[in-house]
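# Tertiary structure, described
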2 protein chains.
Amino acid sequence: MHFHHHGYVSGDPRIQPVSGTGVDRPEELPAEVDVLIVGTGPAGMLAAAQLSQFPSITTRIVERRSGRLAIGQADGIQARSVETFQAFGFAERIAAEAYRITEMAFWKPDPADPSRIIRTARPVDDPTGISEFPHLIVNQARVLDYFAEFMAHAPTRMTPDYGLEFQDLTVADGGEYPVTVHLVHSTGPREGTERTLRAKYVIGADGARSRVRKAIGCTLAGDTANHAWGVMDALAVTDFPDIRLKCAIQSGAGGSILLIPREGGHLFRMYVDLGEVHGHNTRDIRSTTIGQIIEKANKILHPYTLDVRNVAWHSVYEVGHRLTDRFDNLLPEEVGTRTPRVFITGDACHTHSAKAGQGMNVSMQDGFNIAWKLGHVLEGRSPESLLSTYSAERQVVARNLIDFDRQWSSMMAKKPEEFDDPTELETFYVRTMEFPAGFMTEYAPSMIVGQSVHQEYASGFPVGKRFKSAPVVRVCDTNPLHLGHQATADGRWRVYVFTDEPLPGRDSSASRLADWLAESPESPLAFTPESADRDAWFDVKVIYQQNHQSIDINAVPPVFKPVVGPFRLTYYENVFALDPSADIFELRGIDRRGAVVVVRPDQYVANVLPLTATKELGAFFAGVHGAAVTAGSS
Amino acid sequence: MHFHHHGYVSGDPRIQPVSGTGVDRPEELPAEVDVLIVGTGPAGMLAAAQLSQFPSITTRIVERRSGRLAIGQADGIQARSVETFQAFGFAERIAAEAYRITEMAFWKPDPADPSRIIRTARPVDDPTGISEFPHLIVNQARVLDYFAEFMAHAPTRMTPDYGLEFQDLTVADGGEYPVTVHLVHSTGPREGTERTLRAKYVIGADGARSRVRKAIGCTLAGDTANHAWGVMDALAVTDFPDIRLKCAIQSGAGGSILLIPREGGHLFRMYVDLGEVHGHNTRDIRSTTIGQIIEKANKILHPYTLDVRNVAWHSVYEVGHRLTDRFDNLLPEEVGTRTPRVFITGDACHTHSAKAGQGMNVSMQDGFNIAWKLGHVLEGRSPESLLSTYSAERQVVARNLIDFDRQWSSMMAKKPEEFDDPTELETFYVRTMEFPAGFMTEYAPSMIVGQSVHQEYASGFPVGKRFKSAPVVRVCDTNPLHLGHQATADGRWRVYVFTDEPLPGRDSSASRLADWLAESPESPLAFTPESADRDAWFDVKVIYQQNHQSIDINAVPPVFKPVVGPFRLTYYENVFALDPSADIFELRGIDRRGAVVVVRPDQYVANVLPLTATKELGAFFAGVHGAAVTAGSS
């Protein structure tokens, strides 16, 4: 955590100094905003939290409910999401209160007596160590609380505007605020009063029945038949021995259960199979009572019993697999002729089952993806064309999600005798672990993702995939740390310079690159406004191949020790050495001739280059920044 | 974290349900309180935080300042303190914002040119793995903030009463509230107004110039001469390469510096030697300016320079080594005839240098020691005689502290040529690490510390020392965890049952002990009031010798799966198995015939017994609870 450089901070350093639009931020929604976000679900709240780090931008987030979410909705948190929370500063806190999945159990009919279930497998979660972060289960409400805290502590001091429901929007062809949005007060003394505001950009994060999606004329395509599940968050007394383990339970007679233990030591969520919804049974299934769900659960669990003592929340959950045709307001024929102004995220784009625990996670990455791009375009760091990469990148992810979830949920709904191989379900679960953990996303080359022609310089940081952290030692204070965890959601691009062999102070490819970074007009750092600290837009870190004892911090090139704040202090915390117990060069396949690894603000690897490829590095960032920033850098 | 068992908790589970004196807690200080704490330093705030967990007790904490501490004072946090913070739920958060010490550097005059300093050693901190917790440096103000948050979230919803200064107290011979305390409003509209309140007990945590100490007639004994240090919390630009490392710097000419890097990446604290204070130079030394401190620092650092850009705080720090003759209001001749009513803690008892980074840490353990004892006596769990163990236990610790600090600070003040061995300073530092890390404390046998006659049953849990955690796997959810970290500062005694070889469901010493614990009138659990959950006073945990896959949770004896809350739910999280990668039986020397390890609410091992020693276990707790609780257990 970096603080005190603008003067002594006496209180909580997580509360950032107020600045820009956070100073005298109006409580009332203004008539004009830069970004309007509709909906305070995971996608909207993450997007708002990310934009809260841009003090020059006015972002508001509206929600039709009168206040925070209290109960229900999603609860599955992939390791990739916890990794994301780390960048927002709350991974450890949410992990401390969440349920953690370390094993999963599979229960099937006993071949000797199919009326009884028996445990057939209990594979460990993440057996291959995909991530250093845990797989968690916790109520979505708590995730939203932490994002709300983050944005309230941001320089912009953002809070959601509750009690405002989105009605409709129109997009004009030009003007500074081309999107006109109609809202209505949904609660409080002004309930029913309409209001209009104008925005530069709108993010629709308003869920499966998204009105923003409707307003921009998107259509959903997918299954016509839905599968129904009764779902409850309950407290119970039971002799089922795995009540505190995630379980896929298939009974011989009565269908299946997905059991998800929850935070706090007692609560669990249970999805109880209610079958396919067709025309003739729709009404019956939709009116399934909590009593019927519990009764069905007891049948499936036989010979075990479930004595439900308290139900915190329940619902009949019925959903098919549908995907929107596009993620923004540009019609296919308009792509390339103008740039989008309205974006949809999360459930507004993709509806699917809750069974794979994916929804909240994919939604958050939608929000992460669009938010920093809007920030950079609105601040003039990048051209508007950057915004077209959102739909291009996230539509692929959504399609993969739908495909995965269709496979997983149809398997979950299958009768045991329908499987060719009795271990098919758990085999699929283990084999596909990387996808539900959130690490399969691999963005295609674009203006912000390079061609992977130099991938061999850092084979463990695949271009287009998220930057996978590894241990290092910080030179200045000798602290062992995780390199990736030093990156916060501050909207900055990151340039990791893995050095070649010479130590600091000697001529090397790394030292020549350092000089180029500091001095060349083609260096990305040249885009940084004169008025800002040199590390304001780019976070440049260096990792030496040697142990920290060998590194003379005074000999490290100045570009790796930026001068910061009004006192012009030296920041030493970007200089790293090997952790002898876990050599990052070995772990991530980094060439001993060194490598540059460029990472996007949303943690995806954008490029891998040799240390000598200054021309390619300069060209890459010229593409990222485009003509739009020439003025800013002069 | 254990929650939802009283019904669904939608918000932050760290905010405990309000109860007892927390319901309608008066904002104004009442006329009568159970415990009055004077002073909001580390000792007082920890004591208040601990007492905030006892809903039946009215505790108030007064402070003469108008609000929270903003700056200055202590900053060294031993691993033992971080371990303590873990029990109060904020170890990870404070570690995330603190400076962490992993190495220390020693600088001495260069033999070739004694006008210049050179680095001579850089030993790692905690090379032997004394603790899994880090050694931190962070402003005391933040420690106090976290304790304030903890007590505000406790059932009693406590907040400090600022702007009230202690004047005097008198202790009557009898009556329910025998201590009469005179306070005066020190700030605000009522400034100067006196007020009187009556208390059952008073904790004086009011610092080196303690008026509570004076009121009970204690005297300080120790050095007559003081050593003076200039101290500053500063931001600077320097070419001194170890500015982000803890350093002991001895110059040939100009004296010595203790350099303590601080949180945030830039700030450091520097103690600059100003020499002994004697009659003739007292005034000169006390009026040393910040400019003179900086000038002296530059002389000592030669050939390096220190360009101080901002001084957050500075002081001339002058202190000797003094210890109070007693820690409570009982005169030596009164011991055994009555019990104490007034206690002093922290700097009120022991004054010494800041150099070993001990003050705040020892003070907090004073507060931890007295607070749970007051809680238990006031709730009728234990007889008043329990309170006499406070002075007995903490006076020894204070004396050891003074001795250690006297050695360390006189070494720090020595000129390089005065050392017999040039490596003497760093050798002392490494050799004595356990003391400053906070783990040397070993309480002598008493009503709450058993004779260590069965120590061989768990040689790694020495009776009288703090319970050193080790890894285990929780059976119900297969989570790998640290056993000790499951213990929170909830005021409960803990009974760890390490089993003998048979698995649950088979006859064993452990199963027979479980039956005895559940059913015998001699069991400590029999003291638990009928109206409370069976785990309300005693936290009983079981650790099996096998891997978790071998443990049938349904076969585990009921005493290890308490029924809790209004829904009478089963709590499964007290049942543990081996972590195959770190066998706790091996790591802590636990006999394969099993062992019972009894741990106090302040985390000290109170007893180690064989599983069969039910008679001794019953007798031990009969002593702890005494006659006072007979009524409560009937």
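## Some details on the overall build of chain A
Within chain A, the secondary structure is distributed over 15 helices and 29 strands. In summary, chain A has a C-alpha radius of gyration of 26 Å against a globular reference of 26 Å for 634 residues, a match within 12%. Looking at chain A residue by residue over its 634 residues, the buried ones come to 62%. Across chain A, every contact between residues at least 6 apart in sequence was considered, and the portion connecting residues at least 24 apart equals 73%. Element-wise, carbon and sulfur atoms account for 51% of the exposed surface of chain A, whose accessible area totals about 22400 Å². For chain A, the distance from the average site of its 62 positive side-chain charges to the average site of its 78 negative ones is 2 Å.

## What to know about the packing of helix α1 (residues 42-51) of chain A against helix α4 (residues 140-153) of chain A
All names here are of chain A. Contact pair α1 / α4: the axes reach a minimum separation of 9 Å and the direction vectors enclose 15°. Taken as axis vectors, α1 and α4 run roughly parallel relative to one another. The way α1 lies across α4 gives a crossing that is left-handed. Along the contact surface, α1 presents P42, M45, L46, A48 and A49, while α4 presents Q140, L144, F147, A148, F150 and M151.

## So, the packing of aromatic side chains
Throughout the structure, instances matching the rule amount to 54 aromatic pairs over all chains. Their ring planes at 25° and their centres at 4.6 Å tell us that F85(B) and F90(B) sit as a pair that is stacked. Among the residues examined, F85(B) registers a relative accessible area of 0% and is labelled buried. Three or more aromatic residues joined by ring pairs make a cluster, and in this case those are F85(A), F88(A), F90(A), Y146(A), F147(A), F150(A) and F368(A).

## Some remarks on the relation of the copies chain B and chain A
Laying chain B over chain A is done by rotating through 180° and shifting 0.0 Å along the axis; what remains is an RMSD of 0.0 Å. One copy is carried onto the other by what is essentially a two-fold rotation axis.

## Describing the pattern of salt bridges
With the rule as written, the count across this model stands at 98 salt bridges over all chains. Here R600(A) makes a salt bridge to D602(A), at a shortest N to O gap of 2.8 Å. Taking the relative accessible area as the measure of exposure, D602(A) reaches 1% and is therefore buried. We note a salt bridge from D161(B) to R60(B), for which the minimum N-O separation is 2.9 Å. Here R60(B) lies in strand β2 (residues 59-63) and D161(B) lies in strand β8 (residues 161-162), a separation of 101 residues in the sequence. Considered together, D161(B) and R60(B) belong to a single accessibility category, that of buried residues.

## Details of the confidence of the model for chain A
Residue and element names in this part refer to chain A. In this model, chain A carries a mean pLDDT of 93, and residues with pLDDT of at least 70 account for 98%. In the predicted structure, residues 628-634 sits below a pLDDT of 50 and forms 12 contacts with residues beyond four places in sequence or in another chain. The complex model carries a pTM of 0.95, and its ipTM stands at 0.93.

## Some details on the interface of chain B and chain A
On the chain A side, the residues contacting the 64 residues of chain B number 64 residues. Roughly 5300 Å² of surface becomes buried between chain B and chain A when both sides are summed, with 52% attributable to carbon and sulfur atoms. By the criterion of area lost to chain A, the three top residues of chain B are Y8(B), H266(B) and F567(B), representing 13% of everything that side buries. Here chain B and chain A share four salt bridges between them. Of the charged contacts, one joins R142(A) and D12(B) as a salt bridge, the two residues approaching to 3.5 Å between their closest N and O atoms.

## Observations regarding the sheet that holds strand β22 (residues 480-482) of chain B
All names here are of chain B. Read from one edge of the open sheet, seven strands run β22-β21-β27-β24-β23-β28-β29, paired in mixed fashion. The outermost strands of the open sheet, each flanked by one partner alone, are β22 and β29 (605-609). Going across the sheet, the axis of each strand differs from the next one's by a mean of 30°, ignoring polarity. As judged from the four bridges shared by strand β28 (residues 595-599) and β29, these two strands associate in the antiparallel manner. Paired with V597 across the two strands is V608, which belongs to β29.

## Section: the pairing of strand β14 (residues 246-250) of chain B
Residues and elements named next belong to chain B. For β14, the buried fraction is high: five of the five residues fall into the buried class. Neither face of β14 is open: one carries K246, A248 and Q250, the other C247 and I249, and all of them are buried. Taken together, the four bridges between strand β5 (residues 104-110) and β14 define a ladder with parallel strand orientation. Within β14, the position partnered with W107 by the bridge is I249. By the bridge criterion, four bridges tie β14 to strand β15 (residues 256-261) in an arrangement that is antiparallel. Within β15, the position partnered with A248 by the bridge is L258. In sequence, β14 turns back onto β15 through a hairpin of five residues, with G255 there showing a positive phi of about 95°.

## Thoughts on the packing of helix α12 (residues 509-519) of chain A against helix α14 (residues 614-625) of chain A
Residue and element names in this part refer to chain A. The N-to-C vectors of α12 and α14 enclose an angle of 35°; their axes lie 11 Å apart at closest approach. With respect to the hand of their crossing, α12 and α14 are arranged in right-handed fashion. Here L513, W516 and L517 of α12 lie close against α14, whose contacting residues are T614, L617 and G618. Along the lines of polarity and charge, the residues of the contact of α12 with α14 split into four nonpolar, two polar and no charged.

## Structural notes on helix α1 (residues 42-51) of chain B
All names here are of chain B. The element α1 is extensively covered by neighbouring structure, given that 10 of its 10 residues are classed as buried. Residues of α1 that are buried include every one of P42, A43, G44, M45, L46, A47, A48, A49, Q50 and L51, and no others. Among the structural elements, β1 (32-38), β2, α2 (79-87), α4 (140-153), β11 (194-204) and α8 (359-378) are those in contact with the buried residues of α1.

## A word on the pairing of strand β1 (residues 32-38) of chain A
All names here are of chain A. Burial runs high along β1: six of the seven residues are buried. As paired elements, β1 and strand β11 (residues 194-204) share six bridges and run parallel to each other. Residue L36 lies in a different strand from β11, and its bridge partner there is V202. In this sheet, strand β2 (residues 59-63) lies alongside β1 in parallel orientation, the contact comprising four bridges. Considered in β2, the bridge of V35 is made with T59. In the classification by handedness, the crossover that spans β1, the intervening α1 and the parallel β2 is right-handed.

## Side note on the sheet that holds strand β21 (residues 471-474) of chain A
Strand pairing in a sheet relies on backbone hydrogen bonds. The paired strands run either parallel or antiparallel. Residue and element names in this part refer to chain A. Ordered by their spatial adjacency, seven strands build an open sheet running β22-β21-β27-β24-β23-β28-β29, and the pairing between neighbours is mixed. Both outer strands of the open sheet, β22 (480-482) and β29 (605-609), are each paired with one neighbouring strand and no more. Taking the axes of each pair of neighbouring strands and ignoring which way they run, one obtains an average angle of 30° across the sheet. Pairing geometry for strand β24 (residues 538-547) and strand β27 (residues 575-578), over three bridges, is parallel. Residue I543 lies in a different strand from β27, and its bridge partner there is F576.

Cut-offs applied
Residues numbered from 1 in each chain as written. Chains lettered and ligands numbered in written order. Predicted model: local features only at pLDDT ≥ 70, side-chain atom pairs only at ≥ 80, totals over all residues. Heavy atoms only, no water. Helix = DSSP H or I, 4+ residues; strand = E, 2+ residues; numbered from the N terminus. Rg over C-alpha atoms; globule rule 2.2 N^0.38 Å. Buried < 20%, exposed > 50% of the residue type's maximum accessible area, 1.4 Å probe, protein only. Contact = heavy atoms within 4.5 Å. Areas by Shrake-Rupley, 256 points an atom, 1.4 Å probe, with all protein chains shown as cover. Lys, Arg positive; Asp, Glu negative; His and termini not counted. Charge placed at Lys NZ, Arg CZ, Asp CG, Glu CD. Axes fitted to C-alpha atoms, helices over the stretch in contact; angles between N-to-C directions. Parallel < 35°, antiparallel > 145°, perpendicular 65-115°, else oblique. Left-handed = near helix turned anticlockwise from the far one by under 90°. Phe/Tyr/Trp six-rings, centres within 6.5 Å; stacked < 30°, edge-to-face > 60°. Least-squares fit on C-alpha atoms with pLDDT ≥ 70 in both. Salt bridge = Lys/Arg side-chain N within 4 Å of Asp/Glu carboxyl O. pLDDT = per-residue confidence, 0-100. Buried area = accessible area lost by both parts, 1.4 Å probe. Pairing = 2+ DSSP bridges. Nonpolar A, V, L, I, M, F, W, Y, C, P; charged D, E, K, R; others polar. Right-handed = clockwise from strand over helix to strand, strands pointing away.

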